[in-house]
Amino acid sequence: MNKRLLLQIREGLLAIALTGLIFYFYSRMESSLMPYYWAVFIWPLLWFALRQGAAAAGIYGGIAGLVCGMISIPISDWLSVIVFAMIPFISVLVMGFFAKYTQKTLNNRRYSSTSLNIITGALLSNVLFYFLRFYIGPLAMGQESPLNIMTGSFWISSLVMTVVVSLLFITIAKLKPSFLIPKRSKYLSRKETSALLND
């Protein structure tokens, strides 16, 4: 097993663990936050997506969704776990499509382009997560959504989370680029990553 794959597995397991931990505490106070739904628990998966790309993010996102689904939904209701947890969590793969150019522009210190990539990826990922969780899921299961897509709460929730995630990653990009660019990035040559990490 090569070092890049080992790094990906370690980071994927870390992202799953952090997601599950944050989701556990969030689910204990969720009722007091309605009519808004702050999906703060997906940020570790979005971080992983920016480092490892779409394919890995989709796989580990699905596993994280399974873990979170088992925390909040009886395991006997496996269909609800898939529809309301696994499928929405796979939406983090969208952020992974922006990994290559986020890392390239960050490596070249083109911060405005890096910020644009992060914001676009965060927006699309968050809106898709909310769309799958609160529109497609309830529609498929014949249930009423607790966060109707036609209400302001749906859009405020997704947009606020986009802003929070974007500000977090943009700040990190400027202060510590290596947090978003793995040492053995598949998007950069070894010479490029070595130069960046030694700065």
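Please refer to the structure higher up on the page.
*Asks:* Before we move on, can you summarise helix 3 (residues 54-72) with the specific residues and values?
*Replies:* Over its 19 residues, helix 3 runs 26 Å from end to end, which matches the ideal 27 Å to within 8%, given 1.5 Å per residue. Turning to helix 3, its buried residues number three or more, namely Ala-54, Ala-56, Ala-57, Gly-58, Tyr-60, Gly-61, Gly-62, Ala-64, Gly-65, Cys-68 and Gly-69. Considering only its buried residues, helix 3 is in contact with helix 1 (3-29), helix 2 (43-52), helix 4 (78-89) and helix 5 (93-96).

*Asks:* An account of a positive patch on the surface is requested, with residue identities and associated values reported.
*Replies:* The grouping of Lys-3, Arg-4, Lys-183, Lys-186 and Arg-190 at the surface amounts to a positive patch. Looking at the element boundaries, Arg-190 is found in helix 9 (residues 190-197).

*Asks:* Go over the environment of Trp-155, please, and point to the residues and values.
*Replies:* Mapping Trp-155 onto the fold places it in helix 8 (residues 152-175). The class of Trp-155 is partly exposed, set by a relative accessible area of 37%. On a C-alpha basis, the gap between Trp-155 and Phe-131 in space is 9.8 Å, while along the polypeptide they are 24 residues apart. Here the side chain of Trp-155 touches Ile-149 through a polar contact of 2.9 Å, landing on its backbone oxygen.

*Asks:* Got a sec to walk through empty space enclosed by the protein? Specific residues and values, please.
*Replies:* Scanning the entire structure with this criterion turns up one cavity of 30 Å³ or more. As a volume, the largest cavity reaches approximately 40 Å³. Surrounding the largest cavity, Arg-4, Arg-51, Gln-52, Pro-182, Arg-184, Ser-185 and Lys-186 form its lining. Split into classes, the residues belonging to the lining of the largest cavity amount to one nonpolar, two polar and four charged.

*Asks:* So what's going on with the environment of Phe-129? Which residues, and what values?
*Replies:* Along the polypeptide, Phe-129 turns up in helix 7 (residues 111-141). The buried category is assigned to Phe-129, whose relative accessible area is 1%. The sequence separation of Phe-129 and Ala-85 amounts to 44 residues, and the corresponding C-alpha distance is 9.8 Å. The residues touching Phe-129, leaving out its near neighbours within four places in the chain, are Tyr-37, Ala-39, Phe-41, Ile-42, Pro-88, Phe-89 and Ser-91.

*Asks:* For the side chain of Ser-166, give the residues involved together with the corresponding values.
*Replies:* Note that Ser-166 resides in helix 8. Engagement of the side chain of Ser-166 in a polar contact is seen with the backbone oxygen of Thr-162, the distance being 2.7 Å.

Rules and cut-offs
- Residues numbered from 1 in each chain as written.
- Predicted model: local features only at pLDDT ≥ 70, side-chain atom pairs only at ≥ 80, totals over all residues.
- Heavy atoms only, no water.
- Helix = DSSP H or I, 4+ residues; strand = E, 2+ residues; numbered from the N terminus.
- Expected span 1.5 Å × (residues − 1).
- Buried < 20%, exposed > 50% of the residue type's maximum accessible area, 1.4 Å probe, protein only.
- Contact = heavy atoms within 4.5 Å.
- Patch = residues over 30% accessible without salt bridge, like charges linked within 9 Å, V, L, I, M, F, W, Y side chains within 5 Å.
- Areas by Shrake-Rupley, 256 points an atom, 1.4 Å probe, with all protein chains shown as cover.
- Salt bridge = Lys/Arg side-chain N within 4 Å of Asp/Glu carboxyl O.
- Lys, Arg positive; Asp, Glu negative; His and termini not counted.
- Charge placed at Lys NZ, Arg CZ, Asp CG, Glu CD.
- Polar contact = N/O pair within 3.5 Å; in protein donor to acceptor, adjacent residues only side chain to side chain.
- 1 Å grid on protein atoms, 1.4 Å probe; cavity = no way out; pocket = protein on both sides within 12 Å on 5 of 7 lines; lining within 4 Å.
- Points joined across faces, edges and corners; volume = space filled by probe spheres on them.
- Nonpolar A, V, L, I, M, F, W, Y, C, P; charged D, E, K, R; others polar.

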